[in-house]
Amino acid sequence: MSKQYVDMNTPVIEMRNIVKKFGDFTANDGINLTVHKGEIHAILGENGAGKSTLMNQLYGLLKPTSGDILVNGRKIEMNNPRDAIDAGIGMVHQHFMLVQPFTVTENIVLGTEPRKGIALDMVKARQNVVEISERYGLSIDPDAKIEDISVGMQQRVEILKALYRGADILILDEPTSSLTPQEIVELIAIMHNLVKDGKSIIIITHKLKEIKESADFCTIIRMGKYIGTVDVDTVTENDLASMMVGRNVTFKVDKPPQEPGEVVLDVKDLHCLDYRGVEIVRGLDLQVRRGEIVGIAGIDGNGQTELVEVITGLRRGTSGQVLVNGVDVFNKAPNFGFKNGVSSIPADRQKHGLVLDFSIEDNLILQNYGKEPYSKKSVLQRDPIFAHATDSIEKYDIRPGGSEKRAAGTLSGGNQQKVIIAREVQNDKDLLIAVNPTRGLDVGAIEYVHKYIVDQRNKGKAVLLVSFELDEIMSLSDIIDVIFDGQIVASIPGGEANENDLGLMMAGGGKKA
Amino acid sequence: MTKKRTFLEIVSENRFLHILISILLGFLVGAVFLAIMGLSVGEAYGRLITSVTSLKGFSYVVVYAIPYIVVGLSVAFSFKTGVFNIGAEGQFVVGSMAAAVVAILAGGLPKVVLIPLCFLAAMIGGAVWGIIVGFLKTRWGINEVLSMIMFNWVAFYLSNYIAGIPAIHSDGTAEATKNISANASTLLPTAFINRAGLCPTANWGILVAIAATILVWFIIEKTTLGYELKAVGSNKFAAEYGGIGVNRSILTALGISGALAGLGGALQLMGMGGRISVFSSQEGFGFAGIVVALIGCSNPFGVLIAGLFYGALTYGGSKLNLVGAPTQLISVIVGTVVFFIAISVIFENLKRIRSRARRNAENAARKAKEEQQK
């Protein structure tokens, strides 16, 4: 651990007894936070626990109702982010605030551009950017346009932007939520580099593993209340999880042994192109049987996304067969697959999973609006639709915050996912495809999602799980198929897999199945 | 929320209030122009009001409003379903001409047969005009806005061409079609009009417009068709994922929208015009429809009211020259109203960017509160 750099004598941030009220609702109820020089401090809490509210007060976006904020021992009144920046605080938001068509350099110096007379001095700007990126070991291409670089790179640009403005204290809001596993490793290395240089970092997250890997201390918030601050080295992930949700969380998925039945999904010699017209699935074979979960492990970009798109009918393949219960759904409309037994939890819940402007109840009938009892003679029947929604909300623990009529777009990510799962599981099809089903969810919600996926398996359904979370693949799958370069290169029983072997095979070092 | 909300925040959250204020601002700008021209604001606006509040004046307003309402519904329907029907103008012209051809060539048919036949011809004409554009879009990805604007001109010249065909063209010297058969007219009986003191073109087309309003509302809010079209309009990816045929939905939406615009053309012809002139410029009903849909918030009943408002402005505006004010003043007022309705969209976007972080925080807090209460 990196605690060697922490200087316990110099608290750079102190938030004392912070209370923030919105009307009669208390979002932060007496929260304390102390961060020292050279420290990585995690703020842990469930979705909606008040982490972002706390950080937005530190960054001058919100004003505390009561309580004090001290920076370097001096009490500070922050009215806007400008004040926070002047005090040496920088924030990298979860959704980046970059100008897409501008270059990296232009984005970093934006607002504080070096000038020559009245003209911009872009040569100087570029020099400054290169210099600062070298100093902190954040390699970037200063001339690349933001729209052309990866999400991980964009995040580096955001961090450099804050450093360029003289930040000594960095707030990272859910920094790993859109990164690939490799990028996460790189980010953690960058964070360690920065604290070595005397910076302090506050990281907002609900991912326990990353806290264990990166943070020195962790402050836990639950339902707006301060639960405590712990030395990360002295606690386990399980301790953190139960402090966060207020009950014991099981990571181990209960999965009785079960003999799989006949083949439901049979993919034969599938080929398809990606959006650039390059062949990305290259002769792939795959089978999923009743009562088993087949997990697809692989590094992003090896064809798993396109594979699922072809199975669900969203992408046309070039050749091959996709048999579902013996019916070929290859290159048929999504509806055809659905009618023949395919249901799926899509990777992008906001793009494919939900109509965000629609109410929860309308989203719950997305494939079934045309069937009785939800409609009769093409007229929607509001009463059964409403009853179905009330029932699903209760059964699937969706927390709609008031009404079944609320637009899906106003729900939190976890609840949006629950709406999709409620819908797809209740469709009760023979094949369930789940793509990154727990992305961005907190442990409580993850536990719940896993339970429903395993339930489907136990009920004798075939489940195809595609996930970039190796832990998820290993804990859920009966069989793990490793995908590399558009083919399944290895197929191993779930119980026998270990992370190292899988990692090697995912990188192309595997044996041919 | 403890923070006092600013006036602008309240306005941007309340669509109705916002539109009302836009309308007031429109009149305010109109007043400035009147003042610059040295005319009396009170006299001009007084005239505007008195000319539409008498029974006869109001009957004019209703007659003027009929095509505006129906074309407004056409555009509003397209907004709801995610396509922007800027081609209502062309669909209106085609529908109007289709109704005229039927009314002239089959003029001998009895009223009960001829009138529905004319409506049907107009709706088919408008629908076809919309579906062609939809086909170009779904088949080859041609931007519908561009092809619609071009199709407006195709409709324009097609209508002029048909008006020139001997069987259709007026027997007299007028550069227009023959008058439509009396059996195709929706005018109220002359004796009744005189007795009640209504305008000479008083017709029952308004009943059709009201029926269309209810029907559109029913389709959008109550049917599986409306569900499909709205789903495609607001997220075509999720709609497709859910098994809805996206291309078919776009064609259906444009077909219905076009049929409404075509119906507007028929109502205008059969209730007011009586014949179709050879155009020298576009008549602008389609564009009026866009304004009406905007003012009516794309809500069918809002469109009904907005159509009457627009009718009142057009009719009242035509009386302005009696007090020496130019009729074009109405264009200034309408232009300003649309400007302020549209600018709020820009303004809201700006505000959204500025306060996104703040709002996110408040949302998160609200969600947490609700989950706590649960």
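Visitor: Just checking my understanding: could you explain unusual backbone geometry for this structure?
Guide: Residues and elements named next belong to chain A. Omega for the bond connecting E372 with P373 falls within 30 degrees of zero, at 5°, which places this linkage in the cis form. Tracing the backbone shows P373 in the loop between α12 (360–363) and β19 (375–376). Although it is not a glycine, N325 adopts a positive phi angle of roughly 50°. Even without being glycine, D485 reaches a positive phi, approximately 55°. Take D485: it is sitting in the loop between β23 (479–484) and β24 (487–493).

Visitor: So what exactly am I meant to see when it comes to the packing of helix α9 (residues 205–222) of chain B against helix α14 (residues 300–318) of chain B here?
Guide: Two packed helices can be described by the angle between their axes and the distance between those axes. Residues and elements named next belong to chain B. Where α9 meets α14, the axes come as close as 8 Å, and the angle between the chain directions of the two elements is 155°. Of the possible angle classes, the one that applies to α9 and α14 is roughly antiparallel. Facing I210, T213, V216 and W217 of α9, the residues of α14 in contact are P300, F301, V303 and L304. Along the lines of polarity and charge, the residues of the contact of α9 with α14 split into 7 nonpolar, 1 polar and no charged.

Visitor: Help me out: how do you make sense of the environment of B:G324 in this one?
Guide: Structurally, B:G324 is set in the loop between α14 and α15 (329–354). Sequence separation of B:G324 and B:L39 is 285 residues, and the distance between their C-alpha atoms is 7.8 Å.

Visitor: Even after reading the chapter, I still don't get the sheet that holds β24(A), so can you show me in this structure?
Guide: Sheet strands line up and pair through hydrogen bonds in the backbone, either parallel or antiparallel. Residue and element names in this part refer to chain A. Spatially, the 6 strands line up as an open sheet ordered β18-β21-β22-β15-β23-β24, and their pairing is mixed. Two strands bound the open sheet, and with one partner strand each, they are β18 (342–345) and β24. With strand direction ignored, the average angle separating the axes of adjacent strands in the sheet is 20°. Sitting on the sheet, helix α14 (residues 413–427) touches β18 and β21 (431–435), and the angle it makes with β18 is about 165°.

Visitor: Looking at this structure, I do not really get helix α4 (residues 55–80) of chain B. What am I missing?
Guide: The α-helix winds at 3.6 residues per turn, so residues separated by three or four positions along the chain end up facing the same way. Residues and elements named next belong to chain B. Spanning 26 residues, α4 covers 35 Å between terminal C-alpha atoms, matching the ideal 38 Å at 1.5 Å per step. Taking the largest bend as the criterion, α4 deviates by roughly 35°, centred on A65, and proline P67 comes between one and four positions later. Within α4, 21 of the 26 residues are buried, leaving the element largely enclosed by the surrounding structure. Immediately beyond the C-terminal end of α4, within one or two residues, lies G82, with a positive phi of roughly 80°.

Visitor: Is there a simple way to think about the confidence of the model for chain B in this case?
Guide: Keep in mind that low pLDDT regions are not for reading the predicted coordinates in detail. With 88% of its residues at a pLDDT of at least 70, chain B reaches an overall mean of 86. Interface confidence for the predicted complex, expressed as ipTM, amounts to 0.74; the pTM equals 0.73.

Visitor: Looking at this model, I keep getting lost on the packing of helix α10 (residues 224–234) of chain B against helix α12 (residues 246–273) of chain B. Mind explaining?
Guide: All names here are of chain B. Closest axis-to-axis distance for the α10/α12 pair is 9 Å, and the angle between their directions is 110°. If you check the angle between α10 and α12, you find them roughly perpendicular. For the pair α10 and α12, contact is made by E228, L229 and V232 and by V246, S249, I250, T252 and A253, respectively. Of the residues that constitute the contact of α10 with α12, the class distribution is 5 nonpolar, 2 polar and 1 charged.

Visitor: Would you explain helix α8 (residues 237–245) of chain A in this entry?
Guide: Residues and elements named next belong to chain A. Taken residue by residue, α8 has L240, A241 and M244 as its buried positions. Angular distribution of buried residues about the axis of α8 spans 100°; they occupy a single face of the element. Where α8 is buried, its residues meet β3 (40–44), α7 (208–214), β11 (217–222) and α15 (443–458). Note on α8: the residue one or two positions beyond its end, G246, has a positive phi of about 80°.

Conventions used here
- In this numbering scheme, every chain counts its residues from 1 along its sequence in written order.
- The order in which chains are written sets their letters, starting at A; the order in which ligands are written sets their numbers, starting at 1.
- Where local features are concerned, this predicted model is filtered to residues with pLDDT of at least 70; where side-chain atom pairs are given and counted, the filter is 80 or more; whole-chain, interface and lining totals use all residues.
- Under the scheme used here, helices are H or I runs from DSSP no shorter than 4 residues and strands are E runs no shorter than 2 residues, and both carry numbers assigned from the N terminus.
- The convention used is that axes are lines fitted to C-alpha atoms, helices contributing only their stretch in contact, and that angles between N-to-C directions extend from 0 to 180 degrees.
- Any angle from 65 to 115 degrees is called roughly perpendicular, while one under 35 is roughly parallel, one over 145 is roughly antiparallel, and all others are oblique.
- The contact criterion used here is simple: two residues whose C-beta atoms, placed from the backbone, lie within 7 Å are in contact.
- Polarity classes work like this: nonpolar for Ala, Val, Leu, Ile, Met, Phe, Trp, Tyr, Cys and Pro, charged for Asp, Glu, Lys and Arg, and polar for all others, with Gly in that last group.
- At least two DSSP bridges between two strands are needed for those strands to be called paired.
- Multiplying 1.5 Å by the residue count of a helix minus one yields the expected span of that helix.
- Two axes define the bend at a residue: one fitted to the seven residues ending there, one fitted to the seven starting there, and the bend is the angle between them.
- Burial in this document is a count-based property: other C-beta atoms within 10 Å of a residue's C-beta are tallied, and the residue is buried at 20 or more, exposed at 12 or fewer, or partly exposed in between, with C-beta positions derived from the backbone.
- pLDDT: the predictor's confidence for each residue, scored from 0 to 100.
- In this description, one arc is meant: the one made by directions from the helix axis to the C-beta atoms.

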